[in-house]
Amino acid sequence: MNQARLITLAALLLPGLVLSGACSSEPSDEPKESILDPDGEEAPADDGEEATADDGEETPADNGEETPADTSPDWQMFTCQASESPMFTSREVLNMRISADFTKLNSAPTKEESGSQAVIELSDQSGAAPITANIIARGVSRFNCGFRPFSLKFEEKQKDNIFAHLGKSVKFVTHCGDREGLSPTLKADSLETYEQRLLMEDTVYQVLDQLQVPSLKTRLVRLTYHDAPTGKEETHLAFVREPEDEMAERCGMVELEELSEVDTSELKVDQNGLVLLNLLHDFVIQYDGIDGKNLVTMADVDRKAIRYAPYDFDLVGVSRPDYVANKGRTLEQNRDAFADWLRRNQSPTLFAQVGLMLARADQMQRAVEQSNMSEENHEVFSRWLSLYLDLLRDFRACEGHTDDPSRPLCHVEDDHGNLPESASVVEPGEWTARIEPPGDADMFAVDLQASTLYSFGGRVPLELFDAQQNLVASASARTVSFKPSQTGTYYLRASLGEKMVSSPLFPRPDDIDRYISFYTDDHGASLETATTLEAGKAVEGKWELATGEDEDWFLLSAGESTNFHLVLRDSDTGRIEVSRRDAPADELPLEEYLLEGDNDVSSLFEQPGEYVVRVIQMLGLRPYGSYTVTLE
């Protein structure tokens, strides 16, 4: 399980969900450290549900059947079935009264201490028997709200009431409310503002719901809180959401947490899904979903794929431009950034999914029209949807015209040719390449001398070919060293491989300008090209790169009392890593940081044996640098 989570987060750069078929899982209520998520609370992801009719009843989009958005095998991974729960047969606000110890629920110091017995009554269902459950507070930042979000936990699955087909635990999202010490991000100036925020959050889900995206269904509730100890009552809006495992099952997926007893090491993040996840995040202006946060994770076991769905839309740029991650940007500014993202990440998958979104434009607009938001917020959401749908229409028209420089919305100027005959001629050294849109490759031609040691690497996968286009070497995560067998012209190819998201929204320069180095080296960066150190013999070394990341590898035999000194010159800092050659694969190297002058690192050689030593350049105030290593 932990290994699968590591796979998902490492591939998330960012971050797979397919509009026509990916599902989501329940995220943990445990705190997540992030300056971008002062809330950290779950909110219902949208659900891929049927279109809403004008009378508030949930009706099928076209002919009464919930149909997949597309049946092409390239895009349609699976089809979600409609929910069987009566909770989601209507989108009318559900009137509910819960009697419980809300004083304890909203004031207990921990979630574990907040629970009590709850009695649920539905005023819309006269004569229906009360429903009993345990109630417990939940949330991360929203745990500090005056009205905490909570879960209803049943002793067994419900069958003949509103909670049927929702499992044994159902989560509610509440309006928050004032509390001493509440985060400024969550605090509002009035009760009306708190409830409007909740309605705006729900509206985002309802808009995405029209896309038939497999995600969590939601239902607004007019909730009367009856505090059993005091007898006090007050009524506020909330919404209830579908449990993740129930949604996963109807989508042909499995919640990742349900696979705790299964080997998930072979699961791969679906790249089409990453495109769609970014598309949905950027469409609703969700910057709180980066770095693996606010994502629900599902496993398609048959296809050995991991996919994601976005959730928690209380701080999106549509409704909360004041939120720190949104930086006060206007809808127009966000639209322009989205246009640039679309242009730089165009792919068949992206064009296809934008087409699916546009096919549901009327339903999305209807979801905004039918929301209970204030007139002012209605206007904001309508303007957002209009701006973004117009942009998507323009972008969709780009397909087939991406090579036309006269259409700036569609065209991305290529900085380097893709083939040997169009390769950019370079000298050994350092440069950058811009690999976009997905599928782009940049080719460089460089003349190399036989039997000379060269190293290459960078922040993009690289492949080196000889003049006959035979693959000579490749580099991905680390620098690679080699010696050509023949003098001649070689070709270095840079590409993102299978990655389909070339850069995020509002990218930093490092996100789009990929650093590449190809240089003559004094000591290699591999076992095959490493320099063997002999006792009593000093060896000189230098770092060849202006921007850092040169690695020099050495091999040595350590005795009972090995003395190893490295004298660093003309550089502020560096790093040394020491590994035993016969160490288990999971044994981490010992390391120390190097400062200018004499560095005694003898303590890194803890026992006799064969060692690999990596002397690693770090970019400081002065580039390059040289050193002397001595083994005694």
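Scroll up to find the structure.
A brief report on the enclosed structure follows. (Residues numbered from 1 in each chain as written. Predicted model: local features only at pLDDT ≥ 70, side-chain atom pairs only at ≥ 80, totals over all residues. Heavy atoms only, no water.)

## Digging into the overall build of the protein chain
The helix and strand inventory of the protein chain stands at 10 helices and 27 strands. Looking at the protein chain as a whole, 56% of its 632 residues are labelled buried. Surface summary for the protein chain: the accessible area is close to 27,200 Å², and the carbon and sulfur share equals 48%. (Helix = DSSP H or I, 4+ residues; strand = E, 2+ residues; numbered from the N terminus. Buried < 20%, exposed > 50% of the residue type's maximum accessible area, 1.4 Å probe, protein only. Areas by Shrake-Rupley, 256 points an atom, 1.4 Å probe, with all protein chains shown as cover.)

## A look at helix α9 (residues 375-396)
The terminal C-alpha atoms of α9, which comprises 22 residues, lie 31 Å apart, in line with the 32 Å expected from a rise of 1.5 Å per residue. Regarding α9, the residues found buried are Asn-377, His-378, Phe-381, Trp-384, Leu-385, Leu-387, Tyr-388, Leu-389, Leu-391, Leu-392 and Phe-395. Elements in contact with the buried residues of α9: α3 (191-209), α5 (271-283), α6 (331-344), α7 (348-359) and α8 (361-369). (Expected span 1.5 Å × (residues − 1). Contact = heavy atoms within 4.5 Å.)

## Some words on α7
Taking 1.5 Å as the rise per residue, α7 with 12 residues should run 16 Å; its terminal C-alpha atoms sit 17 Å apart, in good agreement. Where α7 is buried, its residues touch α5, α6, α8 and α9.

## Description of the side chain of Arg-148
Assignment of secondary structure puts Arg-148 in the loop between β3 (131-137) and β4 (150-153). For the buried Arg-148, no salt bridge is present, and the opposite-charge side chain at shortest range is Glu-113, 8.9 Å distant. Here the side chain of Arg-148 touches Leu-105 through a polar contact of 2.9 Å, landing on its backbone oxygen. Here Phe-143 takes part through its backbone oxygen, which lies 2.6 Å from a polar atom of the side chain of Arg-148. In this structure, Arg-148 is in contact with Lys-104, Leu-105, Asn-106, Ser-107, Ala-108, Ala-137, Arg-142, Phe-143, Thr-174 and Arg-179, ignoring residues within four places of it in sequence. (Lys, Arg positive; Asp, Glu negative; His and termini not counted. Salt bridge = Lys/Arg side-chain N within 4 Å of Asp/Glu carboxyl O. Polar contact = N/O pair within 3.5 Å; in protein donor to acceptor, adjacent residues only side chain to side chain.)

## Let's talk about the nonpolar core
Counting 70 residues, the largest nonpolar core has Leu-279, Phe-283, Phe-338, Leu-342 and Trp-384 as the members making the most contacts within it. Contacts of Leu-342, omitting those with residues within four sequence positions, involve Leu-279, Leu-350, Leu-391, Leu-392 and Phe-395. If you look at the next biggest cluster of nonpolar residues, it comprises 30 residues, including Ala-100, Phe-147, Phe-154 and Tyr-225. (Core = buried A, V, L, I, M, F, W, Y, C linked by side-chain atoms within 4.5 Å.)

## Quick notes on unusual backbone geometry
Here the residue pair Glu-436 and Pro-437 is connected by a cis peptide bond, since its omega of -5° sits within 30 degrees of zero. Looking at the element boundaries, Pro-437 is found in the loop between β13 (429-433) and β14 (441-448). Positioned with a positive phi, Ile-285 is a non-glycine residue whose angle comes to about 60°. Turning to its location among the elements, Ile-285 is positioned in the loop between α5 and β10 (295-300). Unlike most non-glycine residues, Lys-327 shows phi in positive territory, near 55°. Summarising the element assignment, Lys-327 is placed in the loop between β11 (305-310) and α6.

## Overview of the pairing of β11
Among the six residues of β11, six are classified as buried, and the element is accordingly described as predominantly covered. Of the two faces of β11, both are covered, the one formed by Ala-305, Arg-307 and Ala-309 as well as the one formed by Ile-306, Tyr-308 and Pro-310. Where strand β9 (residues 268-269) and β11 come together, two bridges link them in parallel fashion. In the sheet register, Val-269 faces β11, and the bridge partner there is Ile-306. When β10 meets β11, the two strands line up antiparallel, connected through six bridges. Its bridge partner being in β11, Val-296 is matched across the sheet by Ala-309. Where β10 folds back onto β11 in an antiparallel hairpin, the turn is made up of four residues, including Lys-304, whose phi is positive at roughly 55°. (Pairing = 2+ DSSP bridges.)

## A look at the environment of Leu-315
Checked against the element boundaries, Leu-315 lands in the loop between β11 and α6. Residue Leu-315 is classed as buried on the basis of its relative accessible area of 1%. A C-alpha to C-alpha distance of 7.4 Å links Leu-315 and Gln-286, two positions 29 residues apart in sequence.

## Here's the deal with the state of the cysteines
Tallied over the full model, the rule gives two disulfides. Covalent S-S linkage joins Cys-145 and Cys-176, the inter-sulfur distance amounting to 2.2 Å. Across the disulfide from Cys-145 to Cys-176, rotation about the S-S bond amounts to roughly -90°, and the bridge is consequently left-handed. Of the two residues, Cys-145 sits in the loop between β3 and β4 while Cys-176 sits in the loop between β5 (169-173) and α3, which places them 31 residues apart along the sequence. Classification of Cys-176 as buried rests on a relative accessible area of 6%. The disulfide bridge from Cys-398 ends at Cys-410, spanning 2.0 Å between sulfur atoms. In this structure the cystine formed by Cys-398 and Cys-410 twists about its S-S bond by roughly -70°; its chirality is therefore left-handed. Taken together, the residues Cys-398 in the loop between α9 and β12 (424-425) and Cys-410 in the loop between α9 and β12 connect sequence positions 12 residues apart. This pair shows no difference in class: Cys-398 is buried, exactly as Cys-410 is. (Disulfide = S-S within 2.5 Å.)

## Things to note about a negative patch on the surface
Together, Glu-84, Asp-245, Glu-249 and Glu-258 line one region of the surface with negative charge. For Asp-245, the position within the fold is in helix α4 (residues 244-250). (Patch = residues over 30% accessible without salt bridge, like charges linked within 9 Å, V, L, I, M, F, W, Y side chains within 5 Å. Charge placed at Lys NZ, Arg CZ, Asp CG, Glu CD.)

## Notes on the sheet that holds β5
Spatial ordering of the closed barrel is given by β1-β2-β3-β4-β5-β7-β6, a layout of seven strands whose pairing is mixed. The mean angle between the axes of side-by-side strands here comes to 40°, regardless of whether they run parallel or antiparallel. Those strands touched by α3 are β5, β6 (218-227) and β7 (233-241), and its axis lies near 20° from that of β7. (Axes fitted to C-alpha atoms, helices over the stretch in contact; angles between N-to-C directions.)

## With respect to the sheet that holds strand β19 (residues 488-495)
Reading across from one edge, β12-β14-β19-β16-β17 is the order of the five strands in this open sheet, with mixed pairing throughout. Of all the strands in the sheet, just β12 and β17 (471-475) have a single pairing partner and so form its edges. The sheet contact formed by β14 and β19 spans eight bridges and is antiparallel. When the bridges of β19 are listed, Leu-448 appears paired with Gly-488.

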